[in-house]
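# An overview of the molecular structure
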Amino acid sequence: MDLDRKDQIEKIETELFLEAIYRLYGFDFRNYAFESIKRRIWYSARETKAKTISEFQGQVLYQPELIKNLTNNFSITVTEMFRDPSFFEAFRLKLVPLLKQHQTIRILVAGCASGEEVYSLAILLSEEGLYEQTSIYATDINEEILERAKQGKIALTHMKHYTRNYLQAGGQKEFSKYYRVEGENAYLHDFLKKNLVFAHHNLATDHSFNEFHIILCRNVLIYFNKELKERAFTLFYDSLREDGILCLGSQESIFSTNAFTDFDYTNKIYKKNEDIDLELN
Ligand SMILES: C[S@@+](CC[C@H](N)C(=O)[O-])C[C@H]1O[C@@H](n2cnc3c(N)ncnc32)[C@H](O)[C@@H]1O
């Protein structure tokens, strides 16, 4: 079969597959970036030895026990502590002074994966004397990864790299004071968990909540198509206070909306525009 025809068939199969799992199980991945979600479907299909996406669709529809593993495979949970250190440095230098003007602070970390980014923020805010008055809501669609995030358990092999990130991000303490070592793992100290709330929330289907001072949604939108990214921008706009700040990942940026302006373009930090009629072009 020639390549064009194969691509055409796979496109139809992928769209039908995503529609099918949405209609039967309610999981909506229809607006995820096409090539990446197709790769993830194939990754799961190979585990059941399906030869085509259509064959795999039949298996998933008739064997509900496959759906959990499938949706977990759809969510890519790669993360690190103080990922992109220059972002955390900018957070410390430019956002902390803004936060210091408030008596209580609410931060949302959407797509928090196993929580490394959330614990990094907790460390930074506690060093800046702001953690006591802060609530950090950390959300994800993947229930299993949220359970891991709550534990604050990190493989010891990562800690050297994370210590380097922490120092590059402007950290000045002994990083090891934030965790204890047990066997092959590091366990982050309980005081860092005190003001964290981990919860399930789906950016593709759920609505806005709370009025946040800052929303971090880093390295999540890269997996969405244009329509879903625009839905997320509207949700962030509605979930931020008037002077709120949105932080995206290094490969992501705001487009086709007048809802935000650059605050620190290099570090993908944006400020909510006040008093506008939200327009998505
Ligand atoms: C690559 S991780 C990013 C982790 C962290 N924010 C970082 O930058 O290191 C992407 C996370 O987004 C989550 N995710 C994917 N689709 C989502 C959705 N529709 N709603 C909420 N979270 C989602 C995945 O489950 C995964 O944990």
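Being a predicted model, the structure only gives us computed values, none of them experimental.

## Looking at the UniProt feature "domain: CheR-type methyltransferase" (unreviewed entry) in the protein chain
- UniProt records the feature "domain: CheR-type methyltransferase" (unreviewed entry) for residues 2–264 in the present numbering.
- The span residues 2–264 is 44% helix and 19% strand, and its two end C-alpha atoms sit 47 Å from each other.

## Some remarks on the side chain of Glu127
- With respect to the helices, strands and loops of the structure, Glu127 is situated in helix α6 (residues 116–127).
- Polar side-chain contacts of Glu127 include one of 2.5 Å to the side chain of Tyr178.
- Not counting the four nearest positions on each side in its chain, Glu127 is found in contact with Arg92, Tyr166, Gly171, Lys173 and Tyr178.

## Observations concerning the packing of helix α1 (residues 3–25) against helix α2 (residues 34–47)
- Between α1 and α2, the shortest axis-to-axis distance is 11 Å and the interhelical angle comes to 80 degrees. The angle between α1 and α2 places the two elements in the roughly perpendicular class. Each of Glu10, Lys11, Thr14, Phe17 and Leu18 in α1 lies in contact with α2, whose residues at this interface are Phe34, Ile37, Lys38, Ile41 and Trp42.
- Within the contact of α1 with α2, the residues separate by chemical class into six nonpolar, one polar and three charged.

## Re the site of the ligand
- Taken together, 21 residues lie near the ligand, and Tyr32, Thr79, Arg83, Asp140 and Asn219 sit nearest.
- Take Thr79: an N or O atom from its side chain is 2.6 Å from an oxygen atom of the ligand.
- At 2.9 Å, a backbone N or O of Arg218 approaches a nitrogen atom of the ligand.
- Protein coverage of the free-state accessible area of the ligand, which is 600 Å², stands at 99%.
- When atoms are counted within 2 Å of each cavity's grid points, the one that captures over half of the ligand is the largest pocket.
- Grouping the amino acids of the shell around the ligand by side-chain chemistry returns nine nonpolar, eight polar and four charged.

## Section: the packing of helix α5 (residues 85–99) against α6
- At their nearest, the axes of α5 and α6 sit 11 Å apart, and the two run at 55 degrees to each other. Considered as vectors, α5 and α6 are oriented oblique to each other. As α5 packs across α6, the resulting crossing turns out to be right-handed. Contacts between α5 and α6 pair Phe88, Phe91, Arg92, Val96 and Leu99 from the former with Glu117, Ser120, Leu121, Leu124, Leu125 and Glu127 from the latter.
- Class assignment for the residues of the contact of α5 with α6 results in seven nonpolar, one polar and three charged.

## Let's talk about the nonpolar core
- With 44 residues, the main nonpolar core has Met81, Phe91, Ile107 and Phe175 as its most contacted residues.
- In this structure, Met81 is in contact with Glu116, Tyr119, Ser120, Ile123, Ile154, Met159, Tyr162, Asn165, Phe175 and Leu188, ignoring residues within four places of it in sequence.
- Trp42, Ile67, Leu235 and Tyr237 belong to the second largest nonpolar core, which has 40 residues in total.

Definitions and limits used
- Residues numbered from 1 in each chain as written.
- Predicted model: local features only at pLDDT ≥ 70, side-chain atom pairs only at ≥ 80, totals over all residues.
- Heavy atoms only, no water.
- UniProt positions renumbered as here; feature names shortened; annotations may be inferred.
- Helix = DSSP H or I, 4+ residues; strand = E, 2+ residues; numbered from the N terminus.
- Polar contact = N/O pair within 3.5 Å; in protein donor to acceptor, adjacent residues only side chain to side chain.
- Contact = heavy atoms within 4.5 Å.
- Axes fitted to C-alpha atoms, helices over the stretch in contact; angles between N-to-C directions.
- Parallel < 35°, antiparallel > 145°, perpendicular 65-115°, else oblique.
- Nonpolar A, V, L, I, M, F, W, Y, C, P; charged D, E, K, R; others polar.
- Near = heavy atom within 4 Å.
- Areas by Shrake-Rupley, 256 points an atom, 1.4 Å probe, with all protein chains shown as cover.
- 1 Å grid on protein atoms, 1.4 Å probe; cavity = no way out; pocket = protein on both sides within 12 Å on 5 of 7 lines; lining within 4 Å.
- Sits in = over half its atoms within 2 Å of the grid points.
- Left-handed = near helix turned anticlockwise from the far one by under 90°.
- Core = buried A, V, L, I, M, F, W, Y, C linked by side-chain atoms within 4.5 Å.
- Buried < 20%, exposed > 50% of the residue type's maximum accessible area, 1.4 Å probe, protein only.

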